[in-house]
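Observations on the model geometry
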Amino acid sequence: MVEPLFSLKGKLALVTGAGRGLGLAMATSLARAGAEVLLNGRDEARLAPAITALEKRGLAAAPLVFDVADAAAVARAFAAIEREHGRLDILLSNVGLRNRRVIDQLSVADMREMLEVNLIAPFGLAKAAAALMLPRRRGRIIMVTSIAGPLSRAGDAAYTAAKGGLAALTRSLAAEYGPHGITANAIAPGFFATETNADRVADAQVQAFVEMRVPLRRWGQPQELGGAAVFLASDEASYVNGHVLTVDGGMSSSF
Ligand SMILES: NC(=O)c1ccc[n+]([C@@H]2O[C@H](COP(=O)([O-])OP(=O)(O)OC[C@H]3O[C@@H](n4cnc5c(N)ncnc54)[C@H](OP(=O)(O)O)[C@@H]3O)[C@@H](O)[C@H]2O)c1
């Protein structure tokens with residue numbers, strides 16, 4: 001009998017920063033695989049079109065409004081998940097902040113803000129998610145890092161440091177939570193054509209760079225991250241732990 005290999009039927013997932021861009025694309029893929037998905041963002045009105053789009057396709061989605069950098073709001077959100085669902089199967093921590101400045105123009109305060117959103121917030125989310133996963137001895141924590149981290153570039157120090165730290169944190173989560181049945185992995189996207197990157201996608205110089213550096217000769221489309229998210233969230237990835245899955249059209253493996 002033919003059956004879908006990567007079904008997420010019966011699973012509850014939280015995707016942060018899911019109102020648009022890569023978060024929405026990955027949330028949609030999780031829902032298409034059968035998960036009920038809580039879409040997070042800071043503004044319910046901005047989340048509404050995403051919820052409507054998923055519901056129109058017959059997919060299970062609900063908003064969960066909080067700022068990932070607000071620890072008290074995160075605690076309230078996870079209390080609500082526990083109260084209303086009694087469990088969480090999948091955390092996909094997707095929110096990321098970028099501040100493209102050269103080091104001379106990057107203040108210590110800028111660096112702190114970047115670490116707060118890109119590293120400390122995912123740490124708090126992982127702890128809160130694990131607290132719901134530990135009693136059931138199962139769960140999937142998926143971080144969104146970047147090819148910036150293992151690779152560096154002038155004018156991107158804060159983002160690169162934070163994302164590199166997030167990959168290291170992912171490995172630590174894998175080591176600590178693995179014995180309790182929870183896996184922690186990360187997805188590292190390359191150049192993806194999101195709304196936030198619209199200016200760069202339209203920039204001829206960036207386009208030429210992408211065509212030169214990416215073996216597939218093009219930007220990634222957000223939905224091309226969906227398979228990686230579904231795989232890492234699925235039961236089929238039960239022995240994949242502490243891995244950073246790069247999805248970059250081959251850019252970081254070639255020069
Ligand atoms: N796009 C790329 O090419 C690329 C490449 C490598 C890595 N990444 C990583 O992939 C992730 C997603 O990137 P993206 O380009 O899709 O991002 P994006 O377009 O900027 O989307 C960000 C989403 O997150 C929400 N958000 C922002 N700050 C938040 C906060 N503090 N709390 C809760 N929600 C928040 C925003 O909604 P509201 O403003 O309504 O809250 C929005 O829906 C990031 O971690 C990024 O670093 C992206």
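Residues numbered from 1 in each chain as written. Predicted model: local features only at pLDDT ≥ 70, side-chain atom pairs only at ≥ 80, totals over all residues. Heavy atoms only, no water.

1. Some remarks on the pattern of salt bridges
- Per the counting criterion, the structure on display carries 9 salt bridges.
- Its salt-bridge partner being E84, residue R83 comes within 4.0 Å of it at the nearest N-O pair. Exposure class is identical for R83 and E84. Each is exposed.
- Between E224 and R218 there is a salt bridge, and its shortest N-O distance comes to 2.8 Å.
- The class of R218 is partly exposed, set by a relative accessible area of 37%.
- Via salt bridges that share partners, K11, R138 and D235 belong to a single interconnected network. (Salt bridge = Lys/Arg side-chain N within 4 Å of Asp/Glu carboxyl O. Buried < 20%, exposed > 50% of the residue type's maximum accessible area, 1.4 Å probe, protein only.)

2. Here we look at the nonpolar core
- Residues L8, M26, L30, V37, L39, L92 and I187 are the most contacted members of the largest nonpolar core, which totals 32 residues.
- Setting aside residues up to four positions removed in sequence, L92 forms contacts with L14, V15, T16, M26, L30, I142, V144 and A229. (Core = buried A, V, L, I, M, F, W, Y, C linked by side-chain atoms within 4.5 Å. Contact = heavy atoms within 4.5 Å.)

3. Examining the confidence of the model for the chain
- Scored by pLDDT, the chain has a mean of 97; 100% of the residues are at 70 or more.
- Highest mean pLDDT in the chain belongs to strand β4 (residues 90-93) (99); lowest belongs to helix α6 (residues 198-202) (95). (pLDDT = per-residue confidence, 0-100. Helix = DSSP H or I, 4+ residues; strand = E, 2+ residues; numbered from the N terminus.)

4. Brief notes about the environment of L92
- Along the polypeptide, L92 turns up in strand β4.
- As a C-alpha pair, L92 and S146 span 54 residues in sequence and 14 Å in three-dimensional space.

5. Observations regarding unusual backbone geometry
- The backbone of R137 sits at a positive phi, close to 55°, despite the residue not being glycine.
- Its place among the elements puts R137 in the loop between α4 (108-133) and β5 (139-144).

6. Quick notes on the site of the ligand
- The immediate surroundings of the ligand are formed by 27 residues, with L22, R46, N94, Y159 and T196 found nearest.
- Here an oxygen atom of the ligand and a backbone polar atom of G190 are 3.4 Å apart.
- Within the contact set of the ligand, an oxygen atom lies 3.1 Å away from a side-chain nitrogen or oxygen of N197.
- A total of 900 Å² of accessible area belongs to the ligand in isolation, and the protein chains cover 91% of it.
- The set of elements that each furnish at least two residues to the shell around the ligand consists of α1 (21-32), β2 (36-41) and α5 (157-177).
- Taken together, the residues of the shell around the ligand break down into 9 nonpolar, 13 polar and 5 charged. (Near = heavy atom within 4 Å. Polar contact = N/O pair within 3.5 Å; in protein donor to acceptor, adjacent residues only side chain to side chain. Areas by Shrake-Rupley, 256 points an atom, 1.4 Å probe, with all protein chains shown as cover. Nonpolar A, V, L, I, M, F, W, Y, C, P; charged D, E, K, R; others polar.)

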